[in-house]
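# Structural overview for review
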Amino acid sequence: MSAEEVRATLEALRATDLPVHGGRTLAYVYDSGLADADALGLEALAMFAGANGLDPTAFPSLLRMENDLVASAGRLLDAPEGFVGSATSGGTESILLAVLAAREGAPHVASPSMVLPTSAHAAFLKAAKYLGVRPVLVDVDPTTLRADPAATAAAIDESTILVVASAPSYAHGVVDPVAELAALAAERGVRCHVDACIGGWVLPHLGHPAPWTFAVEGVTSISVDLHKYAYTSKGVSLLLHRSAELRRGHLFASADWPGYTMLNATMQSTRSGGPLAAAWAVTRTIGEAGYVRLATEAREATVAIARGVAAVDGLDVLVEPDSTLLALVADETCDVFTIADEMLARGWFTQPQMAFRDVPPTLHLTLSAATAPSVPEFLQALVDATAAARAAGPVAVDPALAGFVAAIDPATLDEAGFAGLLSAAGLAGDDGSLSLPERMAPVNALLDACPPALREALLLGVLDRLSRPTPS
Ligand SMILES: *Cc1c(COP(=O)(O)O)cnc(C)c1O
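Rules and cut-offs
Counting starts from 1 at the beginning of each chain's written sequence and moves along it residue by residue. Given that this is a predicted model, residues contribute local features only at a pLDDT of at least 70 and side-chain atom pairs are listed and counted only at 80 or more, while totals for whole chains, interfaces and linings are drawn from all residues. Where side-chain values are given, they derive from all heavy atoms of the structure, hydrogens and water being excluded. Starting at the N terminus, helices and strands are each numbered in turn, a helix being any DSSP run of H or I of at least four residues and a strand any DSSP run of E of at least two. Based on C-alpha atoms, the radius of gyration is set beside the globule rule, defined as 2.2 Å times the residue count to the power 0.38. Exposure categories follow from relative accessible area, calculated using a 1.4 Å probe and restricted to protein chains: below 20% of the type maximum is buried, above 50% is exposed, and the middle band is partly exposed. Note on definitions: a residue-residue contact is assigned when non-hydrogen atoms from the two residues lie within 4.5 Å. Counting rule for charge: Lys and Arg are taken as positive, Asp and Glu as negative, and neither His nor the chain ends is counted. In this description, the location of a charge corresponds to atom NZ of lysine, CZ of arginine, CG of aspartate or CD of glutamate. Think of it this way: DSSP has to see at least two bridges between two strands before they count as a pair. Note on geometry: axes are C-alpha line fits, over the in-contact stretch for helices, and angles between N-to-C directions span 0 to 180 degrees. Contacts described as polar in this section are N or O atom pairs within 3.5 Å, which, within protein, must combine one atom able to donate a hydrogen with one able to accept it, while residues neighboring in sequence count only if both atoms come from side chains. Only buried residues count toward a nonpolar core. Its members are Ala, Val, Leu, Ile, Met, Phe, Trp, Tyr and Cys residues joined through side-chain atoms within 4.5 Å. Start and end positions for the domains come from either an automated domain assignment or a database one. Nearness is defined per residue: one heavy atom within 4 Å of the molecule or strand is enough. The protein chains shown are the only cover counted for residues, whose accessible areas, like all others here, come from Shrake-Rupley with a 1.4 Å probe. Residue polarity follows a fixed list, in which Ala, Val, Leu, Ile, Met, Phe, Trp, Tyr, Cys and Pro are nonpolar, Asp, Glu, Lys and Arg are charged, and the others, Gly among them, are polar. With the strands pointing away from the viewer, any crossover whose connection runs clockwise from the first strand over the helix to the second is right-handed.

### With respect to the overall build of the protein chain
Along the protein chain, the regular secondary structure elements total 16 helices and 13 strands. Relative to the 2.2 N^0.38 estimate, which gives 23 Å for 472 residues, the radius of gyration of the protein chain is 23 Å and therefore close to what a compact globule would have. With the C-alpha coordinates aligned to their principal axes, the bounding extent of the protein chain is approximately 60 × 60 × 50 Å. The buried share of the protein chain, taken over its 472 residues, is 51%. When contacts within the protein chain are restricted to residue pairs at least 6 apart in sequence, long-range pairs at least 24 apart make up 72% of them. Averaging the locations of the 29 positively and 53 negatively charged side chains of the protein chain gives two centres separated by 5 Å.

### Thoughts on the sheet that holds strand E6 (residues 221-225)
Taken together, the seven strands give an open sheet; going across it, the order is E1-E7-E6-E5-E4-E2-E3, and neighbouring strands pair in mixed fashion. In the strand order of this sheet, the two ends are held by strand E1 (84-88) and strand E3 (134-138), each with one partner. Shown here is a sheet whose adjacent strand axes are inclined to one another by a mean of 20°, direction ignored. On top of the sheet, helix H4 (residues 91-104) reaches E1, strand E2 (113-117), strand E4 (160-166), strand E5 (191-195), E6 and strand E7 (237-241); it is set at about 25° to E7, its chief contact.

### Digging into the sheet that holds strand E13 (residues 362-366)
The strand order across the open sheet built from four strands is E10-E11-E13-E12, with neighbouring strands paired in antiparallel fashion. With one partner strand each, in any of the chains shown, strand E10 (315-317) and strand E12 (351-353) form the two edges of the open sheet. Across the sheet, the mean angle separating the axes of adjacent strands is 35° when strand polarity is ignored. Examined bridge by bridge, E10 and strand E11 (residues 325-330) share three bridges and lie antiparallel to one another. Bridge pairing in E11 places Leu315 opposite Ala330.

### Remarks on helix H15 (residues 441-448)
Among the eight residues in H15, seven count as buried, and that is most of the element. Within H15, burial applies to Ala441, Val443, Asn444, Ala445, Leu446, Leu447 and Asp448. Taken together, the buried residues of H15 touch helix H11 (336-345), E12, helix H13 (399-406) and helix H16 (452-466).

### Observations concerning the side chain of Asn52
Along the chain, the position of Asn52 falls in the loop between helix H2 (35-47) and helix H3 (60-76). For Asn52, a relative accessible area of 17% translates into the label buried. At 2.8 Å, the side chain of Asn52 forms a polar contact with the backbone nitrogen of Leu54. Side-chain polar atoms of Asn52 contact the side chain of Thr270, separated by 3.2 Å. The contacts of Asn52, once residues within four sequence positions are left out, are Phe59, Leu62, Ser269, Thr270 and Arg271.

### Brief notes about the environment of Arg346
Tracing the backbone shows Arg346 in the loop between H11 and E12. For the pair Arg346 and Asp384, spaced 38 residues apart in sequence, the C-alpha to C-alpha distance is 9.2 Å. Residues in contact with Arg346, not counting those within four places in the same chain, are Arg24, Ala381, Asp384, Ala385 and Ala388. A polar contact of 2.8 Å, which involves the side chain of Arg346, links it to the side chain of Glu342.

### Some points on the nonpolar core
Residues Trp201, Trp212 and Leu238 are the most contacted members of the largest nonpolar core, which totals 62 residues. Looking at this core, you find at least three residues from each of domain 1 (41-283) and domain 2 (288-392). By size, the runner-up hydrophobic cluster in this structure holds 45 residues, among which are Leu315, Ala340, Leu365 and Leu434.

### Focus on the site of the ligand
Neighbouring the ligand are 13 residues; Gly91, Thr92, Asp195, His227 and Lys228 lie closest to it. Side-chain polar atom of Asp195 to a nitrogen atom of the ligand: 2.6 Å apart, as the coordinates give it. Between the ligand and the protein, one listed contact pairs an oxygen atom with a side-chain N or O atom of His227 at 2.8 Å. The protein chains hide 84% of the 380 Å² of surface that the ligand would expose on its own. The element best represented in the shell around the ligand is H4, accounting for three residues. Across the shell around the ligand, the residue classes tally to five nonpolar, five polar and three charged.

### Section: the pairing of E3
Pairing of E2 with E3 involves five bridges; the strand directions are parallel. Within E3, the residue paired with Met114 across the bridge is Pro135. Crossover E2 to E3 through helix H5 (residues 123-131) is right-handed.

### Observations regarding unusual backbone geometry
In this structure, Pro168 follows Ala167 across a cis peptide bond, with omega equal to -10°. With respect to the helices and strands, Pro168 occurs in the loop between E4 and helix H7 (178-187). Positive phi, close to 55°, is recorded for Asp78, a residue that is not glycine. Along the polypeptide, Asp78 turns up in the loop between H3 and E1. Given a relative accessible area of 31%, Asp78 falls into the partly exposed group. In the Ramachandran plot, Arg357 falls in the positive-phi region, its phi being about 50° despite a non-glycine side chain. Locating Arg357 in the fold gives a position in the loop between E12 and E13. Residue classification places Arg357 among the exposed positions, given a relative accessible area of 52%.

And the structure:
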């Protein structure tokens, strides 16, 4: 391919994606709206793309930038003297490492477990699976949707190596009672991790609504993603520990092979310097005052949308937002899956969340600073989308199809069974491949009717179908 063809093809491929700029994609992406900061970040990304964080003595620039970022985060999160931190590839890796460090720090516990609210990010369940730590899930308070300290206390036992809190939770946007949870953990000599992946670069810039940082005595580690509200390129999160001793368990060395001594602070070994340098550049150029302004704009947009939603017939906020995330809930006249489709048709991406225990399906919104100027436009779209969803009525699942799906045993769903389901659901293309419809509401409603284990099995089937070599 000529360079021109490559460029044109990349542009054409990108046109199939959700936009990452413009403030109309309300999940997955974070847009500061600051073109100069973005450009500087991309310059740094390119400048250090080939540098390798594998060996800090070979690329001391990367170590320096990492330590600068950790220092900035420490100031933001009230880290005490002696704290340490590492840059990872994202929130999931930070969480995996926090769980690993906790497990390695408790070698006397033969069969370790961690206590977490049901609202904790699924990355903890991934950590549980990868690291062999049993998750003990505690229901959140049904009204506030925050972790329940009394129930958490009851769930901690001899096998507990970690108590988890969120600041805030991704799904509902509320901050857990960290002070109470951390105190409970400390009393039992157990670690407490605060997942501030999404709130860690916002809440401190708004003034703390409740103590949840290292200012809380029992908090032993905190994760904060720079590729979220630090508005930098994907691929950087930070994991901070209160002391070097607490971090020890996620460091890795192997001298027992014929090559270089492998010495890693994180799961990656070869690690591009690009995202780290971009984060360094973007955080330096936006600066403290800049982040205060961006956080305030995102928060004001969140509050304005929450207020606006109260006036939309058929729609409400699930719970008052503590940060810059919202979960919207529909009444019996309509459904959030149809509203999401209607919003997409109007150029807005909102993220459907399935029903979970007592919480009905919701629409998730992550508000970026770049959305702030278009709040009135967003609310008008929401009014129109909800009116259209009410006119259509709640999406119905075909009872025959629902029966077909309900009869599937997730443990034994095989290729043939999955192929049968795709054609029964009208999702099979001519060649039997997966073919997603433009309107996702019927598919989402069907998935919503499935218990989590079945939904996981079905979506793994989808992922498997999607991840196949491009046919020649
Ligand atoms: C985004 C997020 C994560 C996971 O982060 P990734 O960067 O997607 O791996 C974990 N916890 C919370 C609260 C998050 O918002």
